[in-house]
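Coordinate analysis (summary)
So the chains spell out like this:
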Amino acid sequence: MPKRVIIAGAGIVGVSTGIWLRRISDAEVTIIDRLPPGEGTSHGNAGVLAACSIAPVTAPGLTRKAPRMLVNPDFPLFMRWGYFPKLLPWLLKYLSNANDSDTRRIADGLTTIVADSVDQHKALAAETDAASWVSDSDYSFAYANRAAFEADAYTWGLRRDAGFEPIIREGDTARAYEPNLSPDIGLLATMQDHGYVRDPGRYVKALAVEFERLGGTILQAEIKDFDLTDGKISAVQTDQGPHACDQAILATGVWSKPLMQKLGLSIPIEAERGYHIIFKDAAGGPSHPVMVASGKFVATPMAAGLRCAGIVEFGGLSAGPSKPPLDFLRRHAKASFPNLTYSEDVEWLGHRPAPSDSLPLIGQVGETGVFTAFGHHHIGLTGGPKTGRITAGLVAEQPVNTDISAFNPMRFS
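Model, not experiment: these values are computed from the prediction.

Cut-offs and rules
- Residues numbered from 1 in each chain as written.
- Predicted model: local features only at pLDDT ≥ 70, side-chain atom pairs only at ≥ 80, totals over all residues.
- Heavy atoms only, no water.
- Core = buried A, V, L, I, M, F, W, Y, C linked by side-chain atoms within 4.5 Å.
- Buried < 20%, exposed > 50% of the residue type's maximum accessible area, 1.4 Å probe, protein only.
- Helix = DSSP H or I, 4+ residues; strand = E, 2+ residues; numbered from the N terminus.
- Contact = heavy atoms within 4.5 Å.
- Pairing = 2+ DSSP bridges.
- Axes fitted to C-alpha atoms, helices over the stretch in contact; angles between N-to-C directions.
- Phe/Tyr/Trp six-rings, centres within 6.5 Å; stacked < 30°, edge-to-face > 60°.
- Salt bridge = Lys/Arg side-chain N within 4 Å of Asp/Glu carboxyl O.
- Parallel < 35°, antiparallel > 145°, perpendicular 65-115°, else oblique.
- Left-handed = near helix turned anticlockwise from the far one by under 90°.
- Nonpolar A, V, L, I, M, F, W, Y, C, P; charged D, E, K, R; others polar.

**Focus on the nonpolar core**
Residues I12, L21, Y203, L207 and I249 are the most contacted members of the largest nonpolar core, which totals 34 residues. Where this core is concerned, the elements lending two or more residues are strand 1 (4-8), helix 1 (12-24), strand 2 (28-33), helix 5 (117-125), helix 9 (200-213), strand 19 (370-374) and helix 12 (380-395). Look past the residues within four positions of L21 in its chain and what remains in contact with it is V5, A27, V29, I249, A392, V395 and A396.

**Some details on the sheet that holds strand 18 (residues 361-364)**
Pairing is mixed in the open sheet, where six strands are placed in the order 8-2-1-12-19-18. What marks the edges here is a single partner per strand, and that holds for strand 8 (217-220) and strand 18. Averaged over all adjacent pairs, the angle separating strand axes in this sheet is 20°, with direction ignored. With four bridges connecting them, strand 1 and strand 12 (residues 247-250) associate as parallel partners. When the bridges of strand 12 are listed, A8 appears paired with L250. In the packing of helix 1 onto the sheet, the strands contacted are strand 1, strand 2, strand 12 and strand 19, and the crossing angle to strand 2 comes to about 170°. Packing of helix 9 onto the sheet brings it into contact with strand 2 and strand 8, and relative to strand 8 it is tilted by some 125°.

**Here's the deal with unusual backbone geometry**
Generally, phi is negative for residues other than glycine and the peptide bonds are trans, each holding for most cases. Unlike most non-glycine residues, S358 shows phi in positive territory, near 65°. Following the sequence through the fold, S358 ends up in the loop between strand 17 (345-355) and strand 18. A relative accessible area of 3% places S358 in the buried class. With a phi angle near 55°, N401 is a residue other than glycine that sits in the positive phi range. Position of N401 among the secondary structure elements: in the segment after helix 12.

**As for the packing of aromatic side chains**
Any aromatic ring pair is given by two values, namely how distant the centres are and how the planes are angled relative to each other. Tallying each qualifying case throughout the model produces nine aromatic pairs. The interplanar angle of 80° and the centroid separation of 6.0 Å between the aromatic rings of F78 and F328 together place this pair among those described as edge-to-face. Pair noted here: F78 is in strand 4 (residues 77-79) and F328 is in helix 11 (residues 323-336), with a separation of 250 residues, a long-range link. You can call F78 buried: its relative accessible area is 14%. Seen in terms of ring centroids, Y139 and F141 are 4.8 Å apart; in terms of plane orientation they differ by 50°. Their pairing is tilted.

**Section: the pattern of salt bridges**
Considering all chains together, one arrives at 19 salt bridges under this definition. Between R104 and D100 there is a salt bridge, and its shortest N-O distance comes to 2.9 Å. With R104 and D100 both in helix 4 (residues 100-114) and four residues apart, this pair spans about one turn of that helix. The partly exposed category is assigned to R104, whose relative accessible area is 35%. Its salt-bridge partner being E222, residue K224 comes within 3.7 Å of it at the nearest N-O pair. You can call K224 partly exposed: its relative accessible area is 44%. Taking the relative accessible area as the measure of exposure, E222 reaches 33% and is therefore partly exposed. Here the salt bridges share partners, and the residues they tie into one network are R80, R273 and E313.

**What to know about the pairing of strand 19**
Each regular strand carries side chains that alternate between the two faces of the sheet. Burial analysis of strand 19 places five of its five residues in the buried class, the great majority of the element. As paired strands, strand 12 and strand 19 are joined by three bridges and run parallel to one another. Within strand 19, the residue paired with A248 across the bridge is V370. Here four bridges tie strand 18 to strand 19, and the two strands are oriented antiparallel to one another.

**Quick look at the packing of helix 1 against helix 9**
Between helix 1 and helix 9, whose axes approach to 9 Å, the crossing angle comes to 25°. When the axis of helix 1 is compared with that of helix 9, the two are roughly parallel. Note on packing geometry: the crossing formed by helix 1 with helix 9 is left-handed. The residues of helix 9 that touch helix 1, namely those facing I12, V15, G18, I19, R22 and R23, are Y203, V204, L207, A208, E210 and F211. Broken down by class, the residue content of the contact of helix 1 with helix 9 amounts to eight nonpolar, one polar and three charged.

As structure tokens, this is what we get:
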């Protein structure tokens, strides 16, 4: 009799896992989410398949710099101070990784998930309608000058160690390559062999259609709890009743934390509030994805227009959008691309799942039959297909051929 598998979460990780599980097994797979596919965090990212994004934020020196960042109105880090006491235990764990040894350990782990991102997305979307949303491209990092680029030498060293070497263009050469750059941007460090998704939300929806074509089922409900029988999962409880299963996969991002508590595990994970603005029908922007180093945001030319995404704000899950992060993003986007024109702009707020060690949780929780596939911080879209492929292999008891020890969900127990 085929195994019954429930996947909690209809974002890029959950849908990817469902597709791979149906491709490699005869399991009866159901995806359950409170939102339709691709309408949560997976909708709102920068869209870049950022294979070189292996360096965590917690680089050496962050602890010393963080207080100045928080009080600098021209730095893309914001805090809702009423939330700070609740954030503090997580923040102390997070900052404890801001040293060379932990940074390199985390970078090694992230490389496993993201370095072959473009190939993983193409394999996932092959011969489906979703494939049309994936574009090959360069990915550039824009700096004011050579000194600003060299100030990031530590991070570029990590990337080079992982096999990523940029092409450096300066002055007129940079402007010839990307004509709409501000005169204040004097250097581009460009990574080749990257890619981006022209509409992440519609991409995930197209993948969900493929999942259903393969025999999977999608239900819209909110998972509240697990039923365990003799220590193993036997059902998930939703706001619309129970659903029996033999195995379950948690791919609900930061919303996985309370579900892990049902299994007796307290995961140090926080919601990192991220914003984007879509400048609809845009002209005068970049021709390919550009990370603007001064504003720590990515500008990506998408189907609907230019999406500028980034910013870090801490303030939990319940508060609505803040005005200062959006003002910051709008100001820096226009400064970086002074020729930008558009018909209107659309604002969005989402919640990145940020574990205290910046590494996702991938694997089985003890012997419960519950598997984790969440906590991707800034690399959710980039690493979603690889995570889904690994998780499907674990559930189907097929060899993974990848060292996933860094992602052990029991590491915080």
